[in-house]
Amino acid sequence: MNVTRFILAVHCHQPVGNFNWVFEEAYQKAYKPFVDLLERHPNVRVVFHYSGSLLDWVRQKHPDFLKRLKALVRRGQAEFLGSGYYEPILVMVPDRDALAQLGMMRGALKKFGLEGGNGTKAAHGIWLSERVWEPGLVPLLSKAGVAYAIVDDHHLALAGVKEEDRFGYHLTEDRGDTVALFPSLKKLRYAVPFNQVDDVIRILKEFRSERPRTVVLADDGEKFGLWPGTQKWVYEEGWLERFFRELEKNRDWLKMTTFREALEQTTPLGRVYVPVASYEEMLGWSGGSFRNFLAKYPEADAMHKKMLWLSGCIAEAKGGPRMKTSSAASSLRQAQDHLYMAQSNDAYWHGVFGGLYLKHLRRAVYGHLLEAEKIMDGLHSKRPWVCAEEADFDADNEEEVSLRSKGLTLLADSNRGAQLIELSDKGTGINLIDTLSRKPEAYHGKLAGKKNPVHASAGQKQMPLSIHDQEQELQPELADLLVYDRTRRVSLIDHVFSPSASFQNFARGTEPELGDFVEGDYQARVVRGKGNVSAVFTRQGNVFLKVGGNSSLTVTKKITLSKNVRGFDVGYRLSNPAGEPKSFLFGSEWNLTLKDAHVNRIGDAQGVSWFSVADPALRLKISWSYTREARLWYFPVETVSDSEKGMERNYQGACLAFLWDVHVPARGAWEVRCAVKIESADEKSQS
């Protein structure tokens, strides 16, 4: 039998916007103890990848740890992989941004003394965020000087590579550019650290062959101490210590090496053309392609398209006449940095990890996007201003309407109910309607009522299950929250209900609509005034007031933004072109990311002409002042999502619906106007 080369790669990452205590917990439970143990076993070699957001945190909170990592690299015990600095999905960002982020990471590794292995200037490789691969990546990686990338053996399986031919690396090519692909083996990923050490060594022995082989295990560093049950199992009960000892003990046939050495000392196994791919679980969550998350979750798509828009604005500004001063160039670089941080992938998708369901991660994305937007606004003008633009902001082949001032950004989708899909306060960096609708997830039905065996028996000790194998228990109180929305939870959603409609049915999404306005197509026009701009949306739709029949109703919705006001006005006009009167319940729905105890329950209030919601944690307050008294329905929007720690209840926002008993005479009209005000809030703010 030939000597088997073994590459152990550990990927460590915390997303932009994650809580400081999560970074610290991961450091104390996983990252630090792993290195503590590695330093005591000098014959064990590891390839590390630390994301830029994690490196930044370590540099600020534990700078001595970077020195320890540098020492491991200097003595040839560790090697570091590059990546996009803030862990973007490379195929989801413009090439100019992907190249910049790849360059940033390479520069950071050099700055921290983590570049190179054994003191050599060897080939540069990367960790692919979420192992998302598309064939078009090859020219981009080649241009960035990337010689190799890490994928899963599943990627090669999709390309038709037999199991026995996945021990080493293949070359892939696109239009003459080449990149080497190293596959991480699923059998090892699922065994480490969730099987006994002897079983892992047995698997490695099974991989031995009469011809030289390179075996790769590349997986998350968090599984060594942070995943449920692993801290006790891996460190307190000594699993990793035993594993390292066995690796040293079996050095006669198992040679620990690195990707760079393997690339330099072995030959490729052949050429392969890998289709669009990621790891198996990801493909199940996304429906075959990571891009499908943007179709499944319009909330992710909204962030993504705003990111693309801002990237274009920044790219267009480069080299322009306003960039000739050093201060302007510096501001542009700051805007770019915020853009790159907003490209951190975690908030754009959801699987077993919270991701998109975690409001603080979405808030971080919007925070950086809005900071970049504010900087770009400052380059445009220092004085108060207001503008309106009709453009296809979300790449759906239909135009939306944007109203922007120095302090606010409003975006309305005229082809989907003229709904307000963004309401951003640039001063605080918060999109006030950054919420998430309640969606059916595969695990909602599959996991209902099942027990959660956190550990499986292994002799006298209890070893943890991989998070992909755990069955999560759905608590009865969570089961009550499994309510699904028929439309996205945004604002200015127009409803027509029966006068006998109930707020309980509305909260559960079962109250039938009598009109076709919620997601109907509105005609849009922009009106530019002196110091203000307006978007006027009109739909000649239908109300279904009789069995087997319907009658037309015209809804006109006008949104006005003024340059000197931290707020805006909304006006409704309901016109009845028919020769008979109409009576119904008309509602205007708002969904807000704010959390206020006064509306954190289901309720129904009467005679409301003024109302406010205040969130002291965000220091924001929004208030409505209507010209007609309304009925107010309100309830908290809460979702149930899977996570590495089990099923979670996540507060997404507050839903408020202002409703009026409307009687529109034959060929008559009904009107209501509202002034919306946004202001700072503190703990004394009341609703």
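See above for the structure.
Residues numbered from 1 in each chain as written. Predicted model: local features only at pLDDT ≥ 70, side-chain atom pairs only at ≥ 80, totals over all residues. Heavy atoms only, no water.

Things to note about the sheet that holds strand β7 (residues 177-184)
Working step 1: A sheet is described by the order of its strands in space; here 4 strands give the open sequence β4-β5-β7-β6, paired in mixed fashion. In this open sheet, the two strands that pair with only one neighbour each are β4 (124-127) and β6 (170-174). Going across the sheet, the axis of each strand differs from the next one's by a mean of 35°, ignoring polarity. (Pairing = 2+ DSSP bridges. Helix = DSSP H or I, 4+ residues; strand = E, 2+ residues; numbered from the N terminus. Axes fitted to C-alpha atoms, helices over the stretch in contact; angles between N-to-C directions.)

Let's talk about helix α1 (residues 20-39)
Working step 1: For α1, spanning 20 residues, the distance from its first C-alpha to its last is 26 Å, which sits close to the expected 28 Å at 1.5 Å a residue.
Working step 2: Largest kink in α1: about 45°, centred on Y27.
Working step 3: Here α1 has its buried residues at V22, F23, E25, A26, Y27, A30, Y31, P33, F34, V35, L37 and L38.
Working step 4: Structurally, α1 contributes buried residues whose contacts are with β1 (4-12), β2 (46-50), α2 (52-61), α3 (63-74), α9 (230-236) and α10 (239-249). (Expected span 1.5 Å × (residues − 1). Bend = angle between axes of the 7 residues up to and from the residue. Buried < 20%, exposed > 50% of the residue type's maximum accessible area, 1.4 Å probe, protein only. Contact = heavy atoms within 4.5 Å.)

Looking at a negative patch on the surface
Working step 1: Negative charge collects at one region of the surface, where E390, D392, E398, E399 and D521 lie side by side.
Working step 2: Here E390 lies in strand β10 (residues 386-391).
Working step 3: E390 gets classed as partly exposed once you look at its relative accessible area, which sits at 36%. (Patch = residues over 30% accessible without salt bridge, like charges linked within 9 Å, V, L, I, M, F, W, Y side chains within 5 Å. Areas by Shrake-Rupley, 256 points an atom, 1.4 Å probe, with all protein chains shown as cover. Salt bridge = Lys/Arg side-chain N within 4 Å of Asp/Glu carboxyl O. Lys, Arg positive; Asp, Glu negative; His and termini not counted. Charge placed at Lys NZ, Arg CZ, Asp CG, Glu CD.)

Topic: the sheet that holds β10
Working step 1: Read from one edge of the open sheet, 5 strands run β10-β11-β12-β13-β14, paired in antiparallel fashion. Of all the strands in the sheet, just β10 and β14 (430-431) have a single pairing partner and so form its edges.

Remarks on unusual backbone geometry
Working step 1: A cis geometry characterises the amide bond from V192 onward to P193, with omega recorded as -5°.
Working step 2: With respect to the helices, strands and loops of the structure, P193 is situated in the loop between α7 (186-191) and α8 (197-206).
Working step 3: Although it is not a glycine, R131 sits at a positive phi angle of roughly 50°.
Working step 4: Along the chain, R131 falls in the loop between β4 and α5 (137-143).

Quick notes on the state of the cysteines
Working step 1: Scanning the model with the defined rule gives 0 disulfides in all.
Working step 2: C674 supplies the cysteine sulfur nearest to C655, a cysteine that is in no disulfide, at a spacing of 15 Å.
Working step 3: Overall, the relative accessible area of 0% leaves C655 in the buried class.
Working step 4: For C674, a relative accessible area of 5% translates into the label buried. (Disulfide = S-S within 2.5 Å.)

Some words on the pairing of strand β23 (residues 603-615)
Working step 1: By the bridge criterion, 10 bridges tie β23 to strand β24 (residues 620-641) in an arrangement that is antiparallel. Paired with S612 across the bridge in β24 is S623.
Working step 2: What sits between the antiparallel neighbours β23 and β24 is a turn of 4 residues, in which R619 has the positive phi angle 55°.

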